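# Summary of structural features
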Amino acid sequence: MIKAILIFNNHGKPRLSKFYEHYTEDTEQQIIRETFHLVSKRDENVCNFLEGGMLIGGSDYKLIYRHYATLYFVFCVDSSESELGILDLIQVFVETLDKCFENVCELDLIFHVDKVHNILAEMVMGGMVLETNMNEIITQVDAQNKMEKSETFIFQSTRQDR
Amino acid sequence: MALKIVKGSIDRMFDKNLQDLVRGIRNHKDDEAKYISTCIDEIKQELKQDNIAVKANAVCKLTYLQMLGYDVSWAAFNIVEVMSSSKFTYKRIGYLAASQCFHESTDVIMLTTNQIRKDLSSPNQYDTGVALTGLSCFVTPDLARDLANDIMTLMSHTKPYIRKKAVLIMYKVFLKYPESLRPAFPRLKEKLEDPDPGVQSAAVNVICELARRNPKNYLSLAPLFFKLMTSSTNNWVLIKIIKLFGALTPLEPRLGKKLIEPLTNLIHSTSAMSLLYECVNTVIAVLISLSSGMPNHSASIQLCVQKLRILIEDSDQNLKYLGLLAMSKILKTHPKSVQSHKDLILQCLDDKDESIRLRALDLLYGMVSKKNLMEIVKKLMLHVDKAEGTTYRDELLTKIIDICSQSNYQYITNFEWYISILVELTRLEGTRHGHLIASQMLDVAIRVKAIRVFAVAQMATLLDNAHLLTGNMQRNGICEVLYAAAWICGEFSEHLENPMQTLEAMLRPKVATLPGHIQAVYVQNAAKLFATVLKSQEGNTDGTVTQDTSQLMIERLPVFVQSANLEVQERASCILQLVKYIQKLQQKDVEVAEEVSALFAGELNPVAPKAQKKVPVPEGLDLDTWINEPPSESESEDEQPKAIFTKEEPKHSRARHTEVDEKELARRREARKQEQANNPFYIKSSPSSQKVYQETPGVDHIPVIQIDLTVPLKVPGLPMSDQYVKLEEERRQKERAEKKKKDKKKRKEKRSGRGKKHDSGPESEEDITPAHMVDIVTEEMPENALPSDDDEKDPNDPHKALDIDLDKPLADSEKIPVRSHRAAEAAKSPVEDRDADGIATQLPKKKHGKEKREEKKKKDKDRERKKSKDEKKKKKHKSEEKDGDLLGAEVDEPVVQSEEPSQASEPPTSNSAEVSDLDFWLSNAPVPSNIQEVPKVAAAEAASAAEVISGGAQDSEPDEPKDAEMEATKPSKHKKKKQKKEKEDKEKKKKKHHHYHHHSDGVGEESVQNGTVEEEEEPLPSMSNYCLLAENSYIKMMMEDADQVYDIQGNLQDGSQVVVSVIFENKCDSFLKSMEFNVLDSLNSKLQRPEGSGPHDSLAVPFQLPPGVSNEARYVFTVQSIVMPQKLKGTLTFIVKTEESSTHEKLDFKLHFTCTSYLITTPCYSDAFAKLLESADLKSSSVRLEGVNMPFHHLLARICFHHHFSVVERIDSCASMYSRSIQGHHVCLLVKTSGQTVSIDAKCDEPMLLGNVLDEIKQTFSQC
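Since the structure is predicted, the reported quantities are computational estimates derived from the model, not experimental observations.

## Quick look at the overall build of chain A
Of the regular secondary structure elements, chain A holds 6 helices and 7 strands. For chain A, the N- to C-terminal ordering of α and β elements is β-β-α-β-β-β-α-α-α-β-β-α-α. Counting across all 162 residues of chain A, residues that qualify as buried make up 59%. Once local pairs closer than 6 in sequence are excluded, the contacts in chain A between residues at least 24 apart make up 49%. Counting only carbon and sulfur atoms, one obtains 50% of the accessible surface of chain A, whose full area is about 6900 Å².

Next comes the structure, spelled out in structure tokens:
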């Protein structure tokens, strides 16, 4: 099971947070801060696994993260997930974002966090890995975006008129 | 109204959307909070509008703010509104918001049930998908109960996209509503074989997640997962399955044996590191569970260790980390294999990555031995010096102590060395683990008597230099060691060289700055030292020393009397008064030493950490009853005895608390504490206990201890642990030399051999003797200690509720609540719910596919069984009452029609069938799996796997009432036979009987279940032992003939009986009846006839044959010699009845008893087989087969099937096989193949039999 998925930048600003267990907003922020603290002090060439911090921790849990340019992608998983598998999944996630946003950068994530959520929802559901095939994910995301566009056409046009 | 709409849209145009909000926040970096609060106000306004688009926009922004840490639960109702929008765009926004901020205690969730249900059944798959995704995040027990049925339906949705989501969310539903697990499980299981890989993967995911928590309930799925593992190519699925097997193997070692080979293959073949790693992990789990009894065990271990070494040596830090992680698992059971990689692991200690260093440290723990302990610890000490960052250094410190103290100081040969290591560790800056070092010091000093002299000297030095440790004592955990030092010096003061000096050190004014509990120990132990000094001066007539000592005490103690710490104060004032009194006596020249030292007399014994807890409560003692009236005050908090080293609450508050009021009470409490502190039974220092202190580590600089040379100590300064390494080496060398001498003396003639070995070779563990005769006192336990009850499961674990037996058949009451009566049910508890269902809302339970198929199989088997019942002779066991009925009632009926009643009377057996399926599947384990994949072999083995089978299948009693076993283990021969017939039918273009189809279906299904069929492998040509016995030669006679096909098999139970099953098939359009079967007996073989009939009487076939129908009868023959094949002539007579007439017909046949038919498939294990071959009384023979053009496993399968052998062992293109005759002759084969030539070397204790069997094998292969 995946317990949480966090994306934050090099300064610890959250760009996406998805908790598959309930925490209060304060605890969530604390977890993000702590995770950032743990992850950011690590060198570039060290392993991508971290035995969890106090909050999200427990001996069964691990933090698995990847660092891309300005962003950290952190997954908190328990022992039923394969460590290397999750690393691959993060890669798939980032590549998918890259395809969906066309050369994704931090700004895309800042302004379109809802879209990132929608993409993530096609990969991970309720803490369990739903789909790992990038093409399948993109197909579903595109189909939903198309639907959204057809629905909000009028809305869009009014905004453009403005 | 219109105006309102216009107003709404204008408002909307000026609304901020998410992007605007984000931009705004970024532009207001300085007053972000203020800006956001205005935004929230705006959002509140937007939410009040009727326009759903505006609301959705607002909710979208709220989702973002939620991520930034703002509580948005106040908008929960608006989120529900947006969720229920008919537009997908808004719906998605709503569900996203809900998934981010709804949780179980969100009360508006109740309102969503119907909306979610509507979305789940929406024609748009994305509406459904979005609802499922959202629901997966906020499902509550109520939602789970109400929607379980809808989700169940979605599991069979036509779109894989929906199916996989529905399957996945079922896990969440199970967690919240455990009652749904059993009803839903069959369908979930079905999804494991879904054509869509995504759905399959989801099902694997869910079951793995379930099985991880309660593995034993899922053991019966092992065959299915095994099949998936060997067939799947999806690495995600493979990883999950392999992980699952890792969880299952501890419960079923046989499973592990079966897994080793495919896993090893995967390890060799896969290129995916993740998969390789998980395989290695599971192999390790298997090896741990097997622990012994696997012959090629060490090979697997070696393979794992080897692969892990490759991982660790990899430049990728991730692989390195995982390699070390897995290595530590091997370490637990196979430390030897890991120890050989010590170099590599020590190297990892130098890695720049802390995670890797920590993992390597873990590994070190298991790698120490008496021999290398000092060396390893030395290396660790170097790391301690170099380490940056307190966390890692603290970790090193605890590791050193762990390593040294493990298994009761097993590896320590020199405790002086250990004490000096501990003293060296006290130099650590800002460690949090002072208490740990202290407890080690105490433990060693108390339990190792021989070390006390040395320990006391060290502690005295430590006390003397205490100022070096206490740079910043309040925040510095290291001063805890002074506690131990003071106590040791006091308690064992008789060993002190210079007690006066130590006493002086303990009474320095600076001590008053130490934490209270340490001061208290100081004071108490100063008194002990005082007593020692008095005693040592007893004979001395010059009283100046004693008087000086008393004076010193009287001068220094008042500082402590004024202490804020109550305990220090109390102890000090007691002792001060005592000393004053003693001083008075001294001035009168009274001998007081004896009496003073009597105060502290007595030996201390260590007590096991849990000893107190384990003292059984005496009968009749109720600790919960009040002895006096309960006090009104908050007394309970201090009630529990405190361990010495735990001091969670700050001391000041404790003191203040006692000062406030109830002084009397406090004093008593303090007295109790003091008593505990002095009571040896409260020394709770277990070697392994490590409590983590919450104190913040001090960062201030502490000077490294320096030897104060002005102090005349007998031990010159602090010892360096390093010198012990050298000393130890010398000592061992000396020991070795002595030993060598002894050896030489003992056996002069053997001088050369052993002596040299000792010289050059490294000494073994046992050779190293401890430096001191160490008497490690074991910890005491109460005599009638209660058994430990430590491993209790967490009662709050949600997975506990899912510990449900899934193999039990579903009861009627077990179903998921159905929606039709929801309104009425809503208020009820789940239990009532189910009851209500049972009565009123019964939805005819859908039998899902698998069950149906199983039933079908059952039906078929019933039918078969019945048939043979009908045919069987009367003299055979008549154990069932049913028998007679069936015979009477169904003789004239077509068999197909007779199914229903008997099926109804059949109890549900799927459970036991499944269980024995598993047993059966596992029982094949010793045989290499590639052979098992051949169905026929499995069938043949099944026939011999257990007595049950021989009773049920090969035997002449097919009506044994062991339904379950029959089901599970019935060899597929019957079915094969049917298949064969089916083929014949087709060939002859005759009308087929539909029930044959069932049989063939049944075969496919069963083999899948058993996991023995490898469908992807090239399928075997169908084989049958049935051969044509005779066909009617009366072709002129309107085709009314019957085919006779027969199969001969030995009877396991009786050494001289052979059972022949004959299938009679009506090929004509007429009714066949009054069939009579007769065989002309020979001297050697006789047909068994019912008692009272003559030797030439024929036996009536116990059934009639309508057109196109076939049936089977069995006949028993007694044989005397089995070494030769036999032929018996026989005749079948029957009446052909057409509408107009009936004619009497006759068919001659020859029964051919081959030597093979006397063999019984018997499994044999390789060790027994080897023993057998060694025994001299086997004659050997061999045969070569040329031009055999088939794969080796087909060849083996053929031998197994046609000639009743079982494979003992197979290595590449070579296999050993075994069989036994009904009279107990062993037949062993060694089959080798190269190209098209097959050579068979055989051994048997009956050469004639062997020769004939080999001829028959040759013939079998010449035919094809």
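## What to know about the packing of helix 4 (residues 52-67) of chain B against helix 6 (residues 88-101) of chain B
Residues and elements named next belong to chain B. Packing of helix 4 against helix 6 leaves a shortest axis separation of 9 Å and a crossing angle of 30°. Taken together, the axes of helix 4 and helix 6 are roughly parallel relative to one another. For helix 4 against helix 6, the interelement crossing comes out left-handed. On helix 6, the residues touching I52, A53, A56, V59, C60, T63 and Q66 of helix 4 are Y90, I93, L96, A97, Q100 and C101. Taken together, the residues of the contact of helix 4 with helix 6 break down into 10 nonpolar, 3 polar and no charged.

## A look at the packing of aromatic side chains
Going through the model one piece at a time under the given rule, you end up with 14 aromatic pairs over all chains. Geometrically, the ring pair formed by F8 of chain A and F36 of chain A is edge-to-face, given 5.6 Å between the ring centres and 90° between the ring planes. Taken together, the residues span a long stretch of sequence, with F8 of chain A in strand 1 (residues 2-9) and F36 of chain A in helix 1 (residues 25-40) at a distance of 28 residues. Owing to a relative accessible area of 1%, F8 of chain A belongs among the buried residues under this scheme. Its relative accessible area of 18% is what places F36 of chain A among the buried residues. Ring geometry for Y126 of chain B versus Y161 of chain B: centroids 5.2 Å apart, planes at 65°, classification edge-to-face. Placement of the pair is Y126 of chain B in helix 8 (residues 125-138) and Y161 of chain B in helix 10 (residues 160-176), with a sequence separation of 35 residues. Each member of the pair, Y126 of chain B as well as Y161 of chain B, carries the same accessibility label: buried.

## A few points about the sheet that holds strand 4 (residues 62-68) of chain A
Residues and elements named next belong to chain A. Strand order in the open sheet formed by 5 strands is 2-1-5-4-3, with antiparallel pairing between adjacent strands. Sheet topology places strand 2 (14-19) and strand 3 (49-51) at the edges, where each strand pairs with a single neighbour. Ignoring strand direction, the axes of neighbouring strands in this sheet form an average angle of 20°. With 7 bridges joining them, strand 1 and strand 5 (residues 71-77) adopt antiparallel strand pairing. When the bridges of strand 5 are listed, I2 appears paired with V77. Of the strands in this sheet, strand 1, strand 2, strand 3, strand 4 and strand 5 touch helix 1, which is tilted by about 70° from strand 1. Together, strand 1, strand 3, strand 4 and strand 5 form the strand contacts of helix 2 (residues 83-101), whose direction differs from that of strand 4 by roughly 35°.

## Section: the pattern of salt bridges
Tallied over the full model, the rule gives 38 salt bridges over all chains. Residue R145 of chain B is joined to D146 of chain B by a salt bridge in which the shortest nitrogen-to-oxygen separation is 3.4 Å. Judged by relative accessible area, R145 of chain B falls into the buried class, the value being 4%. On the accessibility criterion, D146 of chain B (11% relative accessible area) is buried. For E209 of chain B, the salt bridge identified is with R212 of chain B, shortest N-O distance 3.5 Å. Here the residue E209 of chain B and the residue R212 of chain B both occupy positions in helix 12 (residues 197-213), the gap between them amounting to 3 residues, near one helical turn. For R212 of chain B, a relative accessible area of 21% puts it in the partly exposed group. Salt bridges sharing partners connect three or more residues here, namely D78 of chain A together with E209, R212 and R213 of chain B.

## Concerning the interface of chain B and chain A
Each side of the interface is counted separately: chain B has 65 residues, and chain A has 63 residues. Buried surface at the junction of chain B and chain A, summed over both partners, amounts to about 5900 Å²; 55% is from carbon and sulfur atoms. Contact with chain A buries surface across chain B, with M67, R92 and W236 of chain B losing the most and accounting together for 13% of the total. At the surface where chain B touches chain A, the tally comes to 8 salt bridges. Close ionic contact of R212 of chain B with D78 of chain A constitutes a salt bridge, the shortest N to O distance being 2.9 Å. Between chain B and chain A we count 30 residue pairs in polar contact (both at pLDDT 80 or more) in total. Ranked by the residues each element gives to the side of chain B that touches chain A, the list is headed by helix 10 of chain B, at 7 residues. Grouping the constituent residues of the side of chain B that touches chain A by class yields 28 nonpolar, 16 polar and 21 charged.

## Quick look at the confidence of the model for chain B
Residue and element names in this part refer to chain B. Averaged over all residues, the pLDDT of chain B is 71; the fraction at 70 or higher stands at 65%. Low pLDDT (under 50) marks residues 635-660, which in the prediction has 40 contacts with non-local residues, meaning those over four places away or in another chain. Prediction confidence for the complex, expressed as pTM and ipTM, is 0.56 and 0.94 respectively.

Reading guide: rules and limits
Residues numbered from 1 in each chain as written. Chains lettered and ligands numbered in written order. Predicted model: local features only at pLDDT ≥ 70, side-chain atom pairs only at ≥ 80, totals over all residues. Heavy atoms only, no water. Helix = DSSP H or I, 4+ residues; strand = E, 2+ residues; numbered from the N terminus. Buried < 20%, exposed > 50% of the residue type's maximum accessible area, 1.4 Å probe, protein only. Contact = heavy atoms within 4.5 Å. Areas by Shrake-Rupley, 256 points an atom, 1.4 Å probe, with all protein chains shown as cover. Axes fitted to C-alpha atoms, helices over the stretch in contact; angles between N-to-C directions. Parallel < 35°, antiparallel > 145°, perpendicular 65-115°, else oblique. Left-handed = near helix turned anticlockwise from the far one by under 90°. Nonpolar A, V, L, I, M, F, W, Y, C, P; charged D, E, K, R; others polar. Phe/Tyr/Trp six-rings, centres within 6.5 Å; stacked < 30°, edge-to-face > 60°. Pairing = 2+ DSSP bridges. Salt bridge = Lys/Arg side-chain N within 4 Å of Asp/Glu carboxyl O. Buried area = accessible area lost by both parts, 1.4 Å probe. Polar contact = N/O pair within 3.5 Å; in protein donor to acceptor, adjacent residues only side chain to side chain. pLDDT = per-residue confidence, 0-100.

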